[in-house]
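Chain by chain, the residues run as shown.
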Amino acid sequence: RLVGRAFRSGGAKLSDQRIAGVMLSAQPGARLLGDQATKDREALAQSADIAIEVLISTRTLIAAEVSGDTTVAVPDIQMTAIRLKDAAILGQASASDVLGAGAAQAAKKFSAADITEATALALMEDMLLNAK
């Protein structure tokens, strides 16, 4: 939702991988046969040009404070834009790129939603810089 909002604001039209797969199956709601990942990609390729892969986890960093060191949970987000017709990587971004060296301090100032949106915007910027 958070990633999609940034792309929709930029003018992108989004398609859901699972819904695209169901739309192409013989019966609505039926399981797709064969290799699920291949079928999902084929279904998505019929309704989209680019897939955005989003990997999210959390990492713990130590933040230096006046009163002593504290641990801070920081979103670890990696995004990759992949062109479906040839699997070319069009752009990549991560929360580490956005937060920089002061990630622990930045994570205390910004919410996970803010960091997610900033990472999506960084991905769009990388896609534009690498566009040919």
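Residues numbered from 1 in each chain as written. Predicted model: local features only at pLDDT ≥ 70, side-chain atom pairs only at ≥ 80, totals over all residues. Heavy atoms only, no water.

Visitor: Kindly report on the pattern of salt bridges, identifying the contributing residues and their values.
Guide: On inspection of all chains with the given rule, the structure shows one salt bridge. One salt bridge in this structure joins R83 and D86, with 2.9 Å as the shortest N-O distance. The class of R83 is partly exposed, set by a relative accessible area of 28%. (Salt bridge = Lys/Arg side-chain N within 4 Å of Asp/Glu carboxyl O. Buried < 20%, exposed > 50% of the residue type's maximum accessible area, 1.4 Å probe, protein only.)

Visitor: Account for the pairing of strand β2 (residues 70-83), naming residues and giving values.
Guide: In terms of strand pairing, strand β1 (residues 50-63) meets β2 through 14 bridges, oriented antiparallel. Opposite T58, over in β2, you have P75 as the bridge partner. By the bridge criterion, five bridges tie β2 to strand β3 (residues 89-94) in an arrangement that is antiparallel. Paired with T80 across the two strands is Q92, which belongs to β3. Taken together, β2 and the strand that follows it, β3, pair antiparallel across an intervening segment of five residues, in which A87 is found at a positive phi of about 65°. (Pairing = 2+ DSSP bridges. Helix = DSSP H or I, 4+ residues; strand = E, 2+ residues; numbered from the N terminus.)

Visitor: Give me the lowdown on the environment of L99, citing residues and values where you can.
Guide: Of note, L99 is situated in helix α4 (residues 95-99). With a relative accessible area of 12%, L99 lands in the buried category. Considered as a pair, L99 and F110 are eleven residues apart in the sequence and their alpha carbons are 9.8 Å apart. When near neighbours in sequence (up to four residues on either side) are disregarded, L99 contacts V74, A106 and I115. (Contact = heavy atoms within 4.5 Å.)

Geometric values such as these leave the question of function open.
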